[in-house]
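For reference, the chains in residue letters:
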Amino acid sequence: MKLNLNGWKQKIVAFASGLGAPGLLLISFLDSSVLTFPVINDLLLIELSMQHPARMPLYASMAALGSVLGCVLLFFIAEKGGEALFHRHAGHRAQAIHNWVVQNGFGGMLVAALLPPPTPFKVFVVAAGVFEVPLLSFTAAIALARAVRYFGIGYLAIRYRAEALPYLMRHKWQVTGVVVGLAGVSYLLSRLILRHKPREEKPS
């Protein structure tokens, strides 16, 4: 992989690349928490999936798990005192992001996690921690979004091989629109189901 990173980040990526599935977990964890490795986990997932197609589910699972764990770590860091950090990075968008996260909960985090770059996703993660989004809802939304992303990339890597990432970059908004649409339908259905309460039987 040709990378445009700092020297020490290059070393981390080189180390992770040699580990296979655990390396994917490591890179995804770091990228979702305290560091930034733009599209490196996507590239590594594509590379490994093309080399070993039968292991793609394992690679996608490790990438998703690493990202979820990284987001949870950042969530806890923000929960312990990240409000100043949130406002510094959110800038004039702070109130809008606050409203989106607080009012929409699971659905808000799910949509934010599915949106492609340059969406500042980490700001949403920090906001979730600062404004006390329930951890279970937060984790479930991130897990679903990351599973969709990484299994989708893994599938494209096997089907289109070297053209997988260029295909995603050329059609990122179309792909995102379809995914967000499906996620939205799923979310609305879940809300309807959760709101439904069975009628209480009248005592005879």
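The rules behind these values
Residues numbered from 1 in each chain as written. Predicted model: local features only at pLDDT ≥ 70, side-chain atom pairs only at ≥ 80, totals over all residues. Heavy atoms only, no water. Helix = DSSP H or I, 4+ residues; strand = E, 2+ residues; numbered from the N terminus. Buried < 20%, exposed > 50% of the residue type's maximum accessible area, 1.4 Å probe, protein only. Areas by Shrake-Rupley, 256 points an atom, 1.4 Å probe, with all protein chains shown as cover. Phe/Tyr/Trp six-rings, centres within 6.5 Å; stacked < 30°, edge-to-face > 60°. Expected span 1.5 Å × (residues − 1). Salt bridge = Lys/Arg side-chain N within 4 Å of Asp/Glu carboxyl O. Axes fitted to C-alpha atoms, helices over the stretch in contact; angles between N-to-C directions. Parallel < 35°, antiparallel > 145°, perpendicular 65-115°, else oblique. Left-handed = near helix turned anticlockwise from the far one by under 90°. Contact = heavy atoms within 4.5 Å. Nonpolar A, V, L, I, M, F, W, Y, C, P; charged D, E, K, R; others polar.

A. Quick look at the overall build of the protein. For the protein, the count of helices and strands is ten helices and zero strands. In the protein, the order of α-helices and β-strands from amino to carboxyl end is α-α-α-α-α-α-α-α-α-α. Counting every position in the protein, which comprises 204 residues, the buried fraction comes to 40%. Of the accessible surface of the protein, which amounts to about 11,700 Å², a share of 65% is contributed by carbon and sulfur atoms.

B. How the structure looks around the environment of Ala113. Note that Ala113 resides in helix H6 (residues 94-114). The class of Ala113 is buried, set by a relative accessible area of 6%.

C. Representation of the packing of aromatic side chains within the structure. Scanning the model with the defined rule gives three aromatic pairs in all. Note on Phe75 and Phe76: the rings are 5.8 Å apart at their centroids and 85 degrees apart in plane angle, and the pair reads as edge-to-face. Joined through ring pairs, the aromatic side chains of Phe75, Phe76 and Phe138 make up one cluster.

D. Fine view of helix H3 (residues 40-51). Its twelve residues place the ends of H3 17 Å apart at the C-alpha level, agreeing with the 16 Å of an ideal helix rising 1.5 Å per residue. Taken together, the buried positions of H3 are Ile40, Asn41, Asp42, Leu44, Leu45, Ile46, Leu48 and Ser49.

E. Spotlight on the pattern of salt bridges. A full pass over the atoms with the stated rule returns one salt bridge. As a salt-bridge pair, Asp42 and Arg149 come within 2.7 Å of each other at their nearest N and O atoms. In this pair, Asp42 sits in helix H3 while Arg149 sits in helix H8 (residues 135-160), placing the two residues 107 residues apart along the sequence. When its relative accessible area of 6% is taken as the criterion, Asp42 is described as buried. On the basis of relative accessible area, Arg149 is assigned to the partly exposed category, the value being 29%.

F. Fine view of the packing of helix H4 (residues 56-79) against helix H7 (residues 121-130). Close contact between H4 and H7 brings their axes to 7 Å; oriented N to C, the two are set at 50 degrees. Classified by the angle their axes make, H4 and H7 are oblique. The handedness of the crossing between H4 and H7 is right-handed. On H7, the residues that touch Cys71, Leu74, Phe75, Ala78 and Glu79 of H4 are Phe121, Lys122, Val125, Val126, Ala128, Gly129 and Val130. Of the residues that constitute the contact of H4 with H7, the class distribution is nine nonpolar, one polar and two charged.

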